[in-house]
Amino acid sequence: MDFKKLPRCGARAKSNFGLPCRHVALKNGRCHYHGGKVPVKNGRYTKLARMERTEQRRLITTMRNTSLSLEELVK
Ligand SMILES: [Zn+2]
């Protein structure tokens, strides 16, 4: 296996003066820094956390809409 022929990560990297990162890419075309899989499910990405954020977004939208209709009523 030729190391130099492996697919490379094309993400733009600050650490490389804006040039592509060139780390060895995973199946998704990015290296483990740029969009590789999350090795440990924690914090922001657990199923529960995702569900909570969806619910929060829904609540915020509802509140915004309510607030807008109230403003319409006041006018
Ligand atoms: Zn990369």
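Basis of the calculations
Within each chain, residues carry numbers counting from 1 in the order of the written sequence. Selection of residues for local features in this predicted model requires a pLDDT of at least 70, selection of side-chain atom pairs for listing and counting requires 80 or more, and totals for whole chains, interfaces and linings are taken over all residues. Side-chain measures here rest on the full set of heavy atoms in the structure, leaving out hydrogens and waters. In this description a helix means any DSSP run of H or I spanning at least four residues, a strand means any run of E spanning at least two, and both kinds are numbered starting from the N terminus. Exposed residues in this analysis have more than 50% of their type's maximum accessible area, buried residues have under 20%, and partly exposed residues fall in between, with area computed by a 1.4 Å probe over protein chains only. Computed with a 1.4 Å probe, the accessible areas rest on the Shrake-Rupley method; for each residue, only the protein chains presented here act as cover. Patches here: salt-bridge-free residues with over 30% relative accessible area, like charges joined within 9 Å, nonpolar side chains (Val, Leu, Ile, Met, Phe, Trp, Tyr) joined within 5 Å. In the sections that follow, a salt bridge refers to a side-chain nitrogen of Lys or Arg positioned within 4 Å of a carboxyl oxygen of Asp or Glu. Among buried residues, the Ala, Val, Leu, Ile, Met, Phe, Trp, Tyr and Cys ones that are joined through side-chain atoms within 4.5 Å form a nonpolar core. Contacts are assigned to residue pairs with any non-hydrogen atoms lying within 4.5 Å of each other.

Along the protein, the regular secondary structure elements total 1 helix and 0 strands. When the 75 residues of the protein are sorted by exposure, 11% land in the buried category. Accessible surface computed for the protein: about 7,100 Å², of which carbon and sulfur atoms make up 60%.

With that out of the way, let us pick up a nonpolar patch on the surface. Residues L59, I60 and M63 make up a contiguous nonpolar surface patch of roughly 290 Å² in combined accessible area. Considering the arrangement of structural elements, one finds M63 in helix α1 (residues 47-74). With a relative accessible area of 53%, M63 lands in the exposed category.

Here we take up the pattern of salt bridges. Enumeration over the complete set of coordinates arrives at 1 salt bridge. One salt bridge connects E55 with R58, and the closest N-O pair in it is separated by 3.0 Å. Of the two residues, E55 and R58 both sit in helix α1, 3 residues apart, roughly one turn of that helix. E55 sits in the partly exposed class, given a relative accessible area of 36%. Since its relative accessible area comes to 47%, R58 is described here as partly exposed.

Unlike most non-glycine residues, R22 shows phi in positive territory, near 65 degrees. Mapping R22 onto the fold places it in the segment before α1. With a relative accessible area of 48%, R22 lands in the partly exposed category.

So, on to the nonpolar core. In this structure, C9, A11, A13, C21 and C31 together form the largest nonpolar core, which totals 5 residues. Excluding residues that lie within four positions of it along the chain, A13 makes contacts with G18, L19, C21 and H34.

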